[in-house]
Every structure is written in C-alpha cells, then in structure tokens.
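What follows is the residue order along each chain.
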Amino acid sequence: MREAHDVWQVRAAEAALMALLPDGALMERAAAGLAATCAGLLGRVHGSRVVLLVGSGDNGGDALIAGARLARRGARVDALLLAPQRAHAGGLAALRGAGGRILPADALGFPAAAHDLVAAADLVVDGIVGIGGRGGLRAPADDLARAAAQSRAVVVAVDLPSGVDADTGAVAAEAVRADVTVTFGTWKPGLLVDPGASYAGAVELVDIGLQPPAPVLRAPQHVDIAALLPTPARETDKYARGVLGLAAGSERYPGAAVLAAGSALRAGVGALRYLGPRAVADAVVSAHPEVMAGSGRVQAYAVGPGLDTGEEARGRFAAALDGGVPVLVDADALTLLAEAGPKALEGVPGALLTPHAGEAVRLLAGLGESPTRADVEAERLTWAVRLAAGYDATVLLKGSTTVVADPRGEVWVNPTGTPYLATAGSGDVLTGVAGALLAAGLTPAEAAVAGAYLHGLAGRIASDGDVPCAASDVSAALPAAWRAVREAGAPDEE
Ligand SMILES: NC(=O)C1=CN([C@@H]2O[C@H](COP(=O)(O)OP(=O)(O)OC[C@H]3O[C@@H](n4cnc5c(N)ncnc54)[C@H](OP(=O)(O)O)[C@@H]3O)[C@@H](O)[C@H]2O)[C@@H](O)CC1
Ligand SMILES: Nc1ncnc2c1ncn2[C@@H]1O[C@H](COP(=O)(O)OP(=O)(O)O)[C@@H](O)[C@H]1O
Ligand SMILES: [K+]
C-alpha cells in the first residue's frame, strides 16, 4: 500500500527526526536523493546545463544543495533566486563553494534573461515552494513555471510541483508541470489526486528516515488487491460465493443492465438475479443466459445504472434499500437518493455510493451544500469525505482520479485507470464489479477499492497501446485484470 501524509503529519515527523540528527542532516539526505535522480536523468552530468528555481524556504534549500552536488560533478549550475534576501543561507554557500552561479532573478532583467536561461537548460529543478506553499503560484514564480513548461528541459520538482496543494491536490492558479517529482519521506496526497497528480509526472520517493503515523490517504497496489479478492474453496457453492440482485436498466436504457450484469458475472458472483422490466430482462438473459430474472434471496443489491427515475424505478430502488443487505447505489438511484436525503439509507447494512462529480453535486445538495462540479473535481478528497460522513456511507467518487472514502474518514485513491475509461457504459461496468464483490462479502470500502482497481486495470488492458475501447471491451478485459492482480499476489514458488 502506498501511503500519503498531510503537511501537519510530515512536519511533526520531521521535527521528531531532526531532534535526533545534527543540523542540516535531513536536508542533506533529501538533496542527495534529489541529486541522484537528476544525475540519472541527465545521463552525462559533466558539461550539462542545470537551472535551479529557488524560492525562499527549505524547498529552495534542497534545490541549492542538490545543485551543489551536480556542480561538483561538472554540471554548469545556475540558481535563479526568487527572493534573494531570504534564500536558504547554507544552500547558497554550498552552491557557491561548488562553483555554481547565483543569480537574483530580478537583477537579470527578469523575465527575459531568466527565460533564456531556462530555455537553454538541460534540466530545471523546481525548488520554488514545497509543503510550505499556499494557493497557486504568485508572481513572479508563476512566470518561471510557464517558462519551464515551454523549455525542452527535463523538469524535476522538489518534493512536489510548486503550486500544487500538498494536502488536496488542488491547483489554484499556475503550477509547475514536472516530468519527475522527487518527494521526501512519504507521499503527499496532492501527488496522488488530480489535478495535482497530473502535474507531478513520475514520482520517486526518497527515504529520509521519517516515521510518520497512520496515513491520511492510501493507494493500493496489486498485492493489496490480491489479498481482497475472494477465492472459492473446494466445497463452496454458488450461494456462498454471493448472489447479487441487480436493479438496473429501463426500456430507455437496456444496455446499462446488460453491461453491469456481464461485469458482475466476470467478477465472481455465484449467481445474478436481474430485477426490472420484462423487455430488459429478456435482453439481459439473451446476452447472459446465466442470469436469473426475478426476485429472490441475495447477499447484496446494485441499483441504478439506466434505472430511470419514474414510479417503477422508485419501486425498485425502495425494494433494494429494504432488502436488509448491503446496497451499491449508482447513477439514477443516486438522483433518487439525493431527493430522499441520507435518512433513506437508515437501516441499510452497508451502503456504497458511486457518484461522478455531477452526481456528487446532487448528493451534496441533499446535505445542504452547493459546490459546483468544478469545485468537486478541484478538491475530490474533501468532498468525498464530506459525502461519506453526511450519508454515513462509503463513497466512491469517480473521475480522472477515483477516490474512496468511508464514513469513519478512511480514504483511498485508485492508482489504476486511463482516460479511455471516459466512455459511455464504463460506470455500469464498475457497478457490476463492485456489486459482485459486495455480494461476495467484502465490506463496502473493500468492494469499492478493489472494484475501482480492477476496473481501471481492465481499462488499461482494453486500451493497451493507446487505442480506444468500448465499455464492453473493458468488461471483457476483467478476467485479464483479475489474473494480473492474482499473479502479483501469489506467494513466490519454493
Ligand atoms: N518535511 C521534511 O521532512 C523535510 C523537508 N524538506 C524540504 O522543506 C520543504 C518545506 O520547506 P518550508 O517549510 O521552508 O516551506 P517551502 O515549501 O520552502 O515554502 C515556503 C516558502 O514559499 C513561499 N510561498 C508559499 N506559497 C507560495 C506561493 N503560492 N507562491 C510563491 N511562493 C510561495 C513562502 O513565501 P512567503 O509566503 O513567506 O512570502 C515561503 O517562504 C519541503 O517541501 C522539502 O522540500 C527537506 O529539506 C528535508 C525534509
Ligand atoms: N479521464 C478519466 N481518467 C480515468 N478514468 C476516467 C476518466 N473519466 C472517466 N473515468 C472513469 O470512467 C468511469 C465513468 O463512469 P460514469 O461517469 O458513471 O460514466 P457512464 O455513466 O457513462 O458509465 C468511471 O469509473 C470513471 O472513474
Ligand atoms: K517544488
């Protein structure tokens, strides 16, 4: 499990460690890791041109000390200081001692000369601001961020791309677009959650000996998911594997039911009961003859894809909530839930809500909150946590980054996925997978985390080589995704 800590936690862990170490030792460790990555990216350090963008805090100090290391190996290193009076003194001395040039950005005839330097660099180190940053980049740092984006240099962010909020991933204005981010001690949530994650490039974690407490955010890896996947034992029967009741599809949207059903079948349900209009049931059974049409005992319900919001749909929604088993609520059922408010979930033993940002806005209105869709996409963690608490349910907030929050405030971010998943019906596939896992007995949070992971991986497999795929292809790739996860989680052979 990849773990991320917020700024407050990082600062506390840093203080505890610093108390045990000589002055400057921690920054030396960080800068050594940073310089090693930069050297690796440069290939040949001697003769290369490196420009450091240096702000007024320790983030700039890291850049200066790493720059000194590169200068000692023969790189031509120029440090552009944004606030010359406040730049890190030890870092300045180190770079000067190693033969680097120190240039107050404004004394250069900023911005033109600074732009020229950045444009001619092989590598730009972004040490403008790290975990001490607040809001989007201010002038003139914003201008340097733009210059770095336009240059052909490799851009390496120190700790996190300047302008990205470390705790939320929000990007309030300009931010540095990095090719690589070298982060220290632990992941920061902003490196895992869009929009921040999309600015970070490849992230390398440098161990500086920090020992932070329990993380605020986790990102599972193959082995974590493998540990969650249900495996039938020798004597398991289909009921023990879990029966899912699927209340989806309408005469207007029969396809949603077909897709969700096929995906649930590929995600290990023992049996699937389809609940809905006759014509849709016929379509589902003709596509998937394994499906049983009509009600009966189930271990979980998935309700919503293509459901519609008319009287008949309301009846199916109410029946699912009354079933005394866990319920996954998606799509049109989220609209009905937003109307009814959180009390509609009282008595449901485990609810999993799977909104995209637009549906999240509707659900939040049911809590008396009025963010826009863009607000939700800018601060996904905040709003997912708010929804989970408000509805006392697990929330899987979909989008370019998918996050899962449970009602106790535990949060996960899904590391798999591809923008090719932005295709009609893709959400219905996710509902089938997560619904099947819920029926198999996983908790709502486990079903959400594992479901999003498999769905994202299936999307990558289906769009392998950068080719578009249909939601049906994503569904068809589920067994391959399952296999990849399973193989990674298998104990090594003796
Ligand atoms: N924690 C650890 O374990 C370790 C931490 N280490 C390193 O320390 C870093 C944290 O250093 P830090 O605390 O000095 O803050 P930092 O990120 O340099 O920023 C502060 C400066 O930025 C400025 N500024 C703020 N917002 C801005 C904006 N929007 N636009 C423009 N400027 C803005 C702000 O200016 P002011 O607002 O005061 O005018 C202030 O002077 C951390 O990220 C890591 O790299 C490693 O060395 C070792 C291990
Ligand atoms: N840009 C993107 N990058 C990664 N995944 C995406 C992106 N856009 C959408 N997705 C994923 O695709 C699925 C879309 O689901 P949803 O919004 O319900 O669409 P639909 O109703 O068309 O099925 C979600 O799992 C979402 O996380
Ligand atoms: K930075």
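What you see is a predicted model, and the numbers here were worked out from it, not measured in a lab.

**Things to note about the coordination of the potassium ion (ligand 3)**
For the potassium ion (ligand 3), the full set of protein donor atoms is N59 (OD1), D126 (O), V129 (O), V158 (O), L160 (O) and S162 (OG), and the range of their distances to it is 2.7 to 3.0 Å. Coordination at the potassium ion (ligand 3) is irregular: its 6 donor atoms span angles of 62 to 169 degrees at the metal. Each donor residue of the potassium ion (ligand 3) belongs to the same chain, with the gaps between them written as N-x66-D-x2-V-x28-V-x1-L-x1-S. Within this pair, whereas V129 is found in the loop between β5 (123–127) and α6 (141–150), its partner V158 is found in strand β6 (residues 154–158), the two being separated by 29 residues in sequence. With relative accessibility at 0%, the residue V158 sits in the buried group.

**A few points about the site of ligand 1**
Taken together, 24 residues sit near ligand 1, with S56, D62, G130, G136 and D159 positioned nearest. A distance of 2.8 Å separates an oxygen atom of ligand 1 from a polar side-chain atom of N59. In the environment of ligand 1, an oxygen atom lies 2.8 Å from a nitrogen or oxygen atom belonging to the side chain of R86. Contact with the protein chains removes 83% of the 940 Å² of surface that ligand 1 exposes when unbound. Those elements that provide at least two residues to the shell around ligand 1 are α1 (7–18) and α3 (58–72). Here the residues of the shell around ligand 1 sort into 8 nonpolar, 8 polar and 8 charged.

**Description of the UniProt feature "binding site: AMP" (unreviewed entry) in the protein chain**
Here, the residues flagged by UniProt with the feature "binding site: AMP" (unreviewed entry) are K398, G399, S400, T401, T402 and G427. A compact arrangement is adopted by the annotated residues: their sequence extent is 30 residues, whereas the largest C-alpha distance between any two is 13.6 Å. Checked against the element boundaries, T401 lands in the loop between β16 (394–397) and β17 (403–405). Setting aside chain neighbours within four positions, we find T401 in contact with L192, V193, D194, R380 and V413. Of the polar contacts made by the side chain of T401, one reaches the backbone nitrogen of D194; its length is 2.8 Å. For G427, the location among the structural elements is in helix α17 (residues 426–439). Contact partners of G427, with chain neighbours within four places excluded, come to D330 and K398.

**Some thoughts on the pairing of β5**
Among the 5 residues that make up β5, 5 are buried, leaving the element largely enclosed by the rest of the structure. Burial of the side chains of β5 extends over both faces: L123, V125 and G127 are buried on one face and V124 and D126 on the other. In the sheet, strand β2 (residues 49–54) pairs with β5 via 5 bridges, with the strands oriented parallel. In the sheet register, V50 faces β5, and the bridge partner there is L123. Considered for its hand, the β-α-β crossover made up of β5, α6 and β6 is right-handed.

**Things to note about the environment of A405**
By the element assignment, A405 lies in strand β17. Given a relative accessible area of 0%, A405 falls into the buried group. Residues A405 and H288 lie 117 residues apart in sequence; the distance between their C-alpha atoms is 33 Å.

**What to know about the site of ligand 2**
The immediate surroundings of ligand 2 are formed by 17 residues, with K398, G399, L421, S426 and G427 found nearest. The contact in question runs from an oxygen atom of ligand 2 to an N or O atom on the backbone of G425, over 3.2 Å. Alone, ligand 2 offers 570 Å² of accessible surface; in the complex the protein occludes 75% of this. A per-element tally of the shell around ligand 2 places α17 first, with 4 residues.

**Structural notes on α3**
Taking 1.5 Å as the rise per residue, α3 with 15 residues should run 21 Å; its terminal C-alpha atoms sit 21 Å apart, in good agreement. Counting buried positions over the 15 residues of α3 gives 12, a clear majority of the element. Inspection of α3 places N59, G60, G61, D62, A63, L64, I65, A66, G67, A68, L70 and A71 among the buried residues, and these make up the whole buried set. The first or second residue beyond α3 is G74, which carries a positive phi of 100 degrees.

**Let's talk about the pattern of salt bridges**
Taken as a whole and judged by the stated rule, the model has 15 salt bridges. Note that R316 is salt-bridged to E312, the shortest N-O span being 2.9 Å. Taken together, the residues R316 and E312, both in helix α12 (residues 311–321) and 4 residues apart, mark about one turn of the helix. According to the relative accessible area criterion, R316 is buried, its value standing at 9%. Residue classification places E312 among the partly exposed positions, given a relative accessible area of 43%. For the salt bridge of R373 with E377, the shortest nitrogen-to-oxygen distance reads 3.7 Å. Of this pair, R373 and E377 both sit in helix α15 (residues 373–378), 4 residues apart, which is roughly one turn of the helix. The exposure class assigned to R373 is partly exposed, which follows from its relative accessible area of 43%. In this structure, a network of salt bridges that share partners links the residues D142, D143, R146 and E174.

**Quick notes on the domain arrangement of the protein chain**
Looking at the protein chain, the domain boundaries give domain 1 (2–219) and domain 2 (222–489). Here the C-alpha centre of domain 2 lies 40 Å away from the C-alpha centre of domain 1. Taken together, the contacts link 12 residues of domain 1 with 12 residues of domain 2. Carbon and sulfur atoms make up 56% of the surface buried where domain 1 meets domain 2, a total of about 1,000 Å² over both sides.

Cut-offs used in this document
Residues numbered from 1 in each chain as written. Chains lettered and ligands numbered in written order. Predicted model: local features only at pLDDT ≥ 70, side-chain atom pairs only at ≥ 80, totals over all residues. Heavy atoms only, no water. Donors = N, O, S within 2.8 Å, 3.2 Å for Na, K, Ca; no water. Tetrahedral: all angles 85-135°; square planar, octahedral: opposite > 155°, others 65-115°. Helix = DSSP H or I, 4+ residues; strand = E, 2+ residues; numbered from the N terminus. Buried < 20%, exposed > 50% of the residue type's maximum accessible area, 1.4 Å probe, protein only. Near = heavy atom within 4 Å. Polar contact = N/O pair within 3.5 Å; in protein donor to acceptor, adjacent residues only side chain to side chain. Areas by Shrake-Rupley, 256 points an atom, 1.4 Å probe, with all protein chains shown as cover. Nonpolar A, V, L, I, M, F, W, Y, C, P; charged D, E, K, R; others polar. UniProt positions renumbered as here; feature names shortened; annotations may be inferred. Contact = heavy atoms within 4.5 Å. Pairing = 2+ DSSP bridges. Right-handed = clockwise from strand over helix to strand, strands pointing away. Expected span 1.5 Å × (residues − 1). Salt bridge = Lys/Arg side-chain N within 4 Å of Asp/Glu carboxyl O. Domains from an automatic or database assignment. Buried area = accessible area lost by both parts, 1.4 Å probe.

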